[in-house]
Amino acid sequence: MYKRALKLLEIRFLQSDGCNPDFAELCHELDIFLNELVGGEENRAEYIPYNQLEDIHDVILAYDDNIPIGCAAFKKYDNECAEVKRVFLKPEYRDRGISKKLMAQLENAAKAKGYRYLILESGEPLVAAMHCIKRSAM
């Protein structure tokens, strides 16, 4: 019996904004995932206006080499609080601790902007995402 060697990942993180084309592509993949999860875009239509990329100014991107593999963002909710937005990690990179590092980067960026709290609005279909975010507390 042999063990399959796992490639050691050297994930790098980049701080950017909602105009970044890699962020836009990852958000497109996130939207496809969400549509499949809830049975179509029409079942999440009421949430789409709250996730417009031009409204998001603070983004963290995760890269494996030069390949964008994940993202997380936040936007101002009030003077002390930011709302977590557009968290996504490509399926083949999940369960490797990358999401925890991605959320830590997001938290640090929010703290650097003076936010004391992060909030997340989500729904029952995204239980795994909520679990990931709950584990990392500002």
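A quick note: this is a predicted structure, and the numbers were derived from the prediction, not measured.

Asker: In this structure, what is going on with the overall build of the protein? I would like to understand it.
Answerer: Within the protein one finds three helices and five strands. Going from the N terminus to the C terminus, the protein shows its helices and strands as β-α-β-β-β-α-β-α. Each of the 138 residues in the protein was classed as buried or not, and the buried ones make up 35%. When the accessible surface of the protein is split by element, carbon and sulfur atoms take 51% of a total near 9,000 Å².

Asker: Can you walk me through the pattern of salt bridges in this structure?
Answerer: Opposite charge on two side chains allows them to pair when their charged atoms are near. As enumerated under the stated definition, the model contains six salt bridges in all. A salt bridge links Lys90 to Glu29, with the shortest nitrogen-to-oxygen separation between them at 3.6 Å. Of this pair, Lys90 sits in the loop between strand 4 (81-89) and helix 2 (98-112) while Glu29 sits in helix 1 (residues 21-38); the two residues are 61 residues apart in sequence, bridging distant segments of the chain. Take Glu29: its relative accessible area is 23%, and that puts it in the partly exposed class.

Asker: How should the sheet that holds strand 3 (residues 67-76) be read in this particular structure?
Answerer: Sheets are built from strands paired through backbone hydrogen bonds, the pairs being either parallel or antiparallel. Overall, mixed pairing links the five strands, which are arranged 1-2-3-4-5 in an open sheet. If you trace the sheet from one side to the other, it starts and ends with strand 1 (11-16) and strand 5 (117-119), each paired once. Across this sheet, the average inter-strand angle for adjacent strands is 25 degrees, counted without regard to direction. In this structure, strand 3 lies alongside strand 4, joined through six bridges in antiparallel fashion. What sits directly across from Lys76, in strand 4, is Ala82. Where helix 2 meets the sheet, it contacts strand 1, strand 2 (58-64), strand 3, strand 4 and strand 5, and its direction lies at approximately 35 degrees from that of strand 3.

Asker: Could you clarify how one ought to interpret helix 1 in this entry?
Answerer: Because an α-helix completes one turn every 3.6 residues, residues spaced three or four positions apart along the sequence face the same direction. An ideal rise of 1.5 Å per residue puts 26 Å on 18 residues; helix 1 measures up with 26 Å between its terminal C-alpha atoms. Listed in full, the buried residues belonging to helix 1 are Phe23, Leu26, Cys27, Leu30, Leu34 and Asn35. The inward-facing, buried residues of helix 1 contact strand 2, strand 3 and strand 4. In the stretch just after helix 1, Gly39 is the one whose phi turns positive, near 85 degrees.

Asker: I would appreciate a short explanation of the packing of aromatic side chains in the present structure.
Answerer: What describes a pair of aromatic rings is the distance from one ring centre to the other and the angle between the planes of the rings. Counting across every chain of the model gives one aromatic pair. With a centroid separation of 5.8 Å and 75 degrees between ring planes, the pair formed by Phe74 and Tyr115 is classed as edge-to-face. Residue Phe74 is located in strand 3, and its partner Tyr115 is located in the loop between helix 2 and strand 5; the two are separated by 41 residues in the primary sequence. In this structure, Phe74 and Tyr115 share a single accessibility class: buried.

Asker: Hey, could you run me through the environment of Glu107 in this one?
Answerer: Relative to the helices and strands, Glu107 is located in helix 2. When the C-alpha atoms of Glu107 and Ala73 are compared, they prove to be 9.7 Å apart, with 34 residues separating the residues in sequence.

Asker: Help me understand the pairing of strand 3 in this model?
Answerer: Each regular strand displays side chains that alternate between the two surfaces of the sheet. Most of strand 3 sits inside the fold, with eight of its 10 residues counted as buried. Where strand 2 and strand 3 come together, seven bridges link them in antiparallel fashion. Bridge pairing in strand 3 places Tyr63 opposite Pro68. Hairpin connection from strand 2 to strand 3: two residues lie between these consecutive antiparallel strands, with Asp65 at a positive phi of about 65 degrees. Hairpin remark: strand 3 followed by strand 4, antiparallel, with four residues in the connecting loop.

Criteria and cut-off values
- Residues numbered from 1 in each chain as written.
- Predicted model: local features only at pLDDT ≥ 70, side-chain atom pairs only at ≥ 80, totals over all residues.
- Heavy atoms only, no water.
- Helix = DSSP H or I, 4+ residues; strand = E, 2+ residues; numbered from the N terminus.
- Buried < 20%, exposed > 50% of the residue type's maximum accessible area, 1.4 Å probe, protein only.
- Areas by Shrake-Rupley, 256 points an atom, 1.4 Å probe, with all protein chains shown as cover.
- Salt bridge = Lys/Arg side-chain N within 4 Å of Asp/Glu carboxyl O.
- Pairing = 2+ DSSP bridges.
- Axes fitted to C-alpha atoms, helices over the stretch in contact; angles between N-to-C directions.
- Contact = heavy atoms within 4.5 Å.
- Expected span 1.5 Å × (residues − 1).
- Phe/Tyr/Trp six-rings, centres within 6.5 Å; stacked < 30°, edge-to-face > 60°.

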